[in-house]
Amino acid sequence: MTRGCAEIRFFACGPEILAVFRVGDRHPGNQELSQWTGLPKPTVSCPTFMPTELGYLVVNLRFNTCEIGGKTLAPGHRALAAVDMRQVARDHMADIAVRTSLCAGPAVRDERGIYGLNVGGPAHQVAEQDLQDVVGPMMADTIRTLEERLGVAPCSPLARDRPRADGGQMVGHRFHLPESSPLSLRDQICDVIGRAIADGALGPGQALPSCREMSGQLNVSRSTVFQAYASLVDRGLIRAKDRSGYVVDPEAAPLNLPPDDAAVEPTPIPALEGRPLPSQLPRIDTPADWSRYKYPFIYSQIDTGTFPIQAWRECMRLALNANRLPLWAGDGGGADSALLVDQLRQRLLGYRGIRAAPDEILITAGAQNGLYILGTLFGGPGAQVAIEDPGYPEARNAFALTGHRLCPVPLDSDGMQVDRIPDGCRMVYVTPSHQFPTTVTMSLERRRALIDLAVKRQMIVIEDDYESERNFLKDALPPIRVLSPSGTAVYVGSLSKALSPGLRLGYIVADRRIIREATAIRRAMMRNPAALLQDAMAHFLALGHQDAHLRGLHRRFRRRWETMRAALATHMPDLPMGAGQGGSSFWIEGPDRLDTDRLQARLRARGVLIDKGTPFFIDPARARGRFRLSFGALRSNDIDPGIALVAGELRALI
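All of these numbers come straight from a predicted model, not from anything done at the bench.

1. Structural notes on the overall build of the chain
Alright, step 1. The number of helices and strands found in the chain is 18 helices and 26 strands.
Alright, step 2. In the chain, buried positions account for 50% of the 654 residues.
Alright, step 3. The long-range fraction of contacts in the chain, counting pairs at least 24 apart against all pairs at least 6 apart in sequence, stands at 71%.
Alright, step 4. When the accessible area of the chain is evaluated, it comes to approximately 30,400 Å², of which 51% is carbon and sulfur surface.

Structural data, given as structure tokens:
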């Protein structure tokens, strides 16, 4: 690219080419634009430049009548996308969406409707920092809106690979011809494209590279590519779309072919033979399409309508501030966000009564990652861990994979039966706030008994404070970490479970010597969780968004918990529903003759998902008749009709 032009992206739009480039850079000449696009020299139509801090500005390049790919294109019309700076000046500290209005003139319509955006507005001087914080993301939204309205992608069929400021190439689907083949070049091209369509690598309607781009990729002539495309059109695999080049025919559905080696007996892998495989460990299997079911009474899913999207977007923008770039863009050497650690100490840990120094806290990629790190630290030959039974299967798997022998300990209405912990255990894992999956809260007396036993036997207690913020009947009891001497208890928590499990952020609080070693293990595993995500979460805590979200969540979940409890009492009055004081689920203990596999299958056919009890027990035989109903992903008015369906199937099977 010519010196002075930082970056240009092109979009095909009917007879027009839209160019996006940095404001304040030198305007490229018509000859350069023609060279980069591979099209005749355009007539440039461009609005007045905005302030240089604005970021990206979309302008129009209007072409004279010309012939491209054998088709005559009429003159184009202006299609602009800019930012109304007056709105920025008024609302620059608010969460602004780009205000767009569609072009009304008939000259800018095509067969899909409007293909131009006109936002416009005179430029006003705005503080540079405000522009960095607000206008940059707004322009990104503008460009995305433009792409969506035009129905094009940054690498359009009319665009060709061209130099960029970063030295890279515009990204598209890449093809490679076989090193040797008896087929002609045309047929080889047809074969690789046909295979890509058959196995779903190219989806219906997806654009193919232009003849010029494909010839460059494969080092063949453009006429050969054109002949191959014509052959694929005749076969019904692709079609020539007016003004858009070639696209995969929407009716050319993937064949879902098996892998090439599916019919061949797989070659044994000795390193995997004769040993338990991680993929065979029991786990909670949630359907990938769970959200399409009307009544998903399943674990670890949320009602996405409760996610504070505006607040989270604000915090991501703050984290993306140029002044904070040095804090997360480079390699921090495995260090955590100091701001996030401070917010943890002041807010979440303070709420639970836990006092910790910065070097007693480690950020993890979710609580599950923290459990695996601790399993690795305390595992080894002869290591044993006492775990609740039934209990959290993912914690059980983490300890099994890190070399521990699992020692199941039964529960009662006060939680884990401490006096049943085997003598050889040097580590105990518990979920005292709301036991997973029964939701039983460990009593204060039982917590003290566990601490006394841990001190006596020199055991480490790993306390997973699952759903500690969801007590609806009584005040939350103090964590074991608060009651025990330093070094005895290790506290594991989640930053994202109540907000969005997909964010995958958690933490460990422990003696600084344990944290030092756990940090070294984490460094070897993954260096550190994404620093940008840590910084955004720190802002989320600092601005009080987490507090507000938890208060709202507590109110909503209390209503749902009460609705669920009433529905269970109405529709299944004869079945015990556990002794929990809150949480987001109910543990149901049906008769031993109840086949929960059949129950799960029958309910799934009626749009209801449940968690059967089998994965929670070490001995699957003990799971007969047990299952769990969670309401985190449901709205209150869906709970009662969903429970009615569950009750109906129960009556049919018992």
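On we go.
2. Quick look at a nonpolar patch on the surface
Alright, step 1. On the surface, Tyr-372, Leu-401 and Met-525 cluster together to form a nonpolar patch covering roughly 250 Å² of accessible area.
Alright, step 2. With relative accessibility at 30%, the residue Tyr-372 sits in the partly exposed group.

3. Regarding the sheet that holds strand E26 (residues 626-630)
Alright, step 1. Taken together, the 3 strands give an open sheet; going across it, the order is E23-E26-E25, and neighbouring strands pair in antiparallel fashion. One side of each edge strand has no neighbouring strand; the edge strands of this open sheet are strand E23 (585-589) and strand E25 (611-612).
Alright, step 2. Note that E23 and E26 share 5 bridges and pair antiparallel. Residue pairing for E26: Phe-586 is matched across the bridge by Leu-629.

4. Brief notes about the packing of aromatic side chains
Alright, step 1. Counted under the stated rule, the structure contains 14 aromatic pairs.
Alright, step 2. Both rings, one in Phe-436 and one in Tyr-466, keep their centres 5.2 Å apart while their planes meet at 70°; by these two values the pair is edge-to-face. Highlighted residues: Phe-436 in the loop between strand E19 (427-430) and helix H12 (444-457) and Tyr-466 in the loop between strand E20 (460-464) and helix H13 (480-483), separated in sequence by 30 residues. Tyr-466 matches Phe-436 in its accessibility class, with the two residues each being buried.

5. A look at unusual backbone geometry
Alright, step 1. Put simply, Asp-389 and Pro-390 share a cis peptide bond, and its omega is 10°.
Alright, step 2. The residue Pro-390 is located in the loop between strand E15 (384-388) and helix H11 (393-401) in this model.
Alright, step 3. With a phi angle near 60°, Asn-219 is a residue other than glycine that sits in the positive phi range.
Alright, step 4. Of note, Asn-219 is situated in the loop between helix H5 (211-218) and helix H6 (222-235).
Alright, step 5. Relative accessible area serves as the criterion here: at 71%, Asn-219 is assigned to the exposed category.
Alright, step 6. Phi angles above zero are rare outside glycine, and Gln-458 is one such case at about 60°.
Alright, step 7. Tracing the backbone through its elements, the reader meets Gln-458 in the loop between H12 and E20.

6. A word on the side chain of Asn-397
Alright, step 1. Relative to the helices and strands, Asn-397 is located in helix H11.
Alright, step 2. For Asn-397, a relative accessible area of 8% gives the class buried.

Reading the values: rules and limits
- Residues numbered from 1 in each chain as written.
- Predicted model: local features only at pLDDT ≥ 70, side-chain atom pairs only at ≥ 80, totals over all residues.
- Heavy atoms only, no water.
- Helix = DSSP H or I, 4+ residues; strand = E, 2+ residues; numbered from the N terminus.
- Buried < 20%, exposed > 50% of the residue type's maximum accessible area, 1.4 Å probe, protein only.
- Contact = heavy atoms within 4.5 Å.
- Areas by Shrake-Rupley, 256 points an atom, 1.4 Å probe, with all protein chains shown as cover.
- Patch = residues over 30% accessible without salt bridge, like charges linked within 9 Å, V, L, I, M, F, W, Y side chains within 5 Å.
- Salt bridge = Lys/Arg side-chain N within 4 Å of Asp/Glu carboxyl O.
- Pairing = 2+ DSSP bridges.
- Phe/Tyr/Trp six-rings, centres within 6.5 Å; stacked < 30°, edge-to-face > 60°.

Treat this as a map of the structure, not an account of what it does.
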